[in-house]
Amino acid sequence: FLFLPNDNGLIRLVFQTVCDYVQNQEQMEGFLPIVGVYPITDSERSVGTMCNYAQIAASTLKGKFSQRICYFEAAMVESLEKKQRVLHEINNGIPNGEFVFYLQPKCDSRTRKITSMEALVRWIHPKRGLIPPNEFIPILEKSGLITRLDMYIWNSVCQTLRRWQDEHKPVVPISINISIIDIENIDVPRYLSSLTEQYHLDPKYLMAEITETAFAESNATVKQTIDRLHKKGFTVLMDDFGSGYSSLNMLKDANIDILKLDMKFVEMNEENHNKGIQIMDSVISMAHRLNLLIVAEGVETSAQVSMLQSMNCLCVQGYYFYRPMPITDAEQLLSQTPIEDYHELRTSFAQQHNCEEYLVSYETLPSVSESI
Ligand code: C2E
Ligand code: CA
Ligand code: CA
């Protein structure tokens with residue numbers, strides 16, 4: 001902490017001096033200091049509070065590489081307090097049963113039969129009603145608390161699958177969402193395996209959706225987690241495929257079973273329609289060549305369904321078919337709608353798109369020297 005005249009030029013000079021000093025040190029590459037400034041407007045405040053305010057200002061710069069100096073504003077405390085309040089409410093909300101999951105079916109694009117469902121968390125707040133995940137998951141991920149909620153949801157999913165089997169209701173596999181923070185915090189394959197053992201479930205009923213960004217952030221750890229999930233009998237999906245940057249390279253290393261195409265792929269307008277179709281078609285045939293099943297997400301129109309059918313994309317999920325729904329509605333739906341055995345679908349898909357078919361065709365290509 002420095003106590004200086006409030007002079008922008010001087011603050012910049014301090015920043016630059018630190019940068020110059022650090023650059024001359026070994027093993028400090030990539031280090032960029034951040035500076036939080038609290039201009040003293042109320043000298044009645046304690047020095048401790050002033051230092052806290054400067055730190056709060058500095059903390060808002062995390063991840064913003066173009067801005068390295070930030071002045072404190074009262075709104076920063078409000079936003080921090082709001083986050084703390086939400087975290088506190090969530091911590092109390094879990095044991096109060098305020099968190100539930102909705103289920104959204106995935107269907108066979110040709111027959112509309114339901115092949116599986118995805119569990120999507122919802123917060124039923126006692127005062128504010130239903131709150132969607134994008135309002136609380138980012139806060140939970142930043143604080144690391146997401147794992148507590150996810151473990152609770154995964155447990156509830158297994159409990160539901162057990163109940164369906166006990167009540168002789170129709171059962172389809174349910175996929176759960178796994179955050180990279182979960183993979184960093186706990187041994188996910190071991191925890192999921194302990195759940196399937198506890199509820200006497202065949203692991204084929206639980207599928208793991210891991211977002212593409214996780215693969216980019218922590219490639220080796222995620223790859224190892226996938227291999228261990230496989231060993232324990234779980235199916236692994238790469239969620240939001242195509243939304244990040246190094247997706248194609250990741251496919252080479254990660255042993256996933258299913259690609260979930262990001263919603264942006266099926267969203268097309270008049271201007272980008274032609275290019276969009278070419279991209280979709282290429283991605284789907286690439287996935288098929290790699291023996292990967294594709295699920296297209298965010299399907300909202302019949303035109304999109306026809307397009308996907310023509311590209312031989314078997315699995316679809318979106319508002320056109322079903323929106324996420326409470327468990328009781330999903331149960332009713334499953335008792336009235338034909339179900340397709342997801343694992344049979346996969347087997348028949350694998351037989352159709354046997355990788356060896358492609359390997360053979362490459363082997364029969366003339367070698368470079370022969371061509372010359
Ligand atoms: P996601 O895993 O990619 O889930 C798909 C999201 O798209 C869901 O939003 C779903 O309601 C929505 N969606 C489905 N069909 C359509 C469609 O046709 N059009 C449009 N526009 N949207 C559609 P939701 O439920 O709000 O979830 C948002 C994200 O929050 C999820 O994206 C997932 O990343 C995360 N999430 C949800 N539940 C959990 C959970 O239990 N744990 C963790 N870690 N993340 C979760
Ligand atoms: Ca998902
Ligand atoms: Ca997704």
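Quick notes on the rules
- Residues numbered from 1 in each chain as written.
- Chains lettered and ligands numbered in written order.
- Predicted model: local features only at pLDDT ≥ 70, side-chain atom pairs only at ≥ 80, totals over all residues.
- Heavy atoms only, no water.
- Donors = N, O, S within 2.8 Å, 3.2 Å for Na, K, Ca; no water.
- Helix = DSSP H or I, 4+ residues; strand = E, 2+ residues; numbered from the N terminus.
- Buried < 20%, exposed > 50% of the residue type's maximum accessible area, 1.4 Å probe, protein only.
- Polar contact = N/O pair within 3.5 Å; in protein donor to acceptor, adjacent residues only side chain to side chain.
- Contact = heavy atoms within 4.5 Å.
- Near = heavy atom within 4 Å.
- Areas by Shrake-Rupley, 256 points an atom, 1.4 Å probe, with all protein chains shown as cover.
- 1 Å grid on protein atoms, 1.4 Å probe; cavity = no way out; pocket = protein on both sides within 12 Å on 5 of 7 lines; lining within 4 Å.
- Sits in = over half its atoms within 2 Å of the grid points.

Within the first shell, the calcium ion (ligand 3) binds the protein through Asp239 (OD), Asp240 (OD), Glu297 (OE) and Glu297 (OE), at distances of 2.2 to 2.8 Å. In this structure, the calcium ion (ligand 3) lies 4.3 Å from the calcium ion (ligand 2), and both are coordinated by Asp239. On the criterion of sequence distance, the pair formed by Asp239 in strand E8 (residues 235-241) and Glu297 in the loop between strand E10 (293-296) and helix H12 (302-310) is long-range, its members being 58 residues apart. The same class applies to Asp239 and to Glu297, which are both buried.

Let us look at the side chain of Ser179. In this fold, Ser179 is placed in the loop between strand E6 (174-178) and helix H6 (180-185). A distance of 3.1 Å separates the side chain of Ser179 from the backbone nitrogen of Ile181, its partner in a polar contact. Setting aside anything within four residues of it in sequence, one finds Ser179 in contact with Glu141, Ile146 and Asp150.

On to the site of ligand 1, then. As a structural note, the neighbourhood of ligand 1 is formed by 21 residues, with Arg122, Asp150, Met263, Glu300 and Tyr319 the closest of them. Taking Val121, its main chain carries an N or O atom lying 3.1 Å from a nitrogen atom of ligand 1. In the model, a nitrogen atom of ligand 1 is placed 2.5 Å from a nitrogen or oxygen of the Glu300 side chain. In the complex, the protein chains occlude 82% of the 800 Å² of accessible area that ligand 1 would expose alone. When atoms are counted within 2 Å of each cavity's grid points, the one that captures over half of ligand 1 is the largest pocket.

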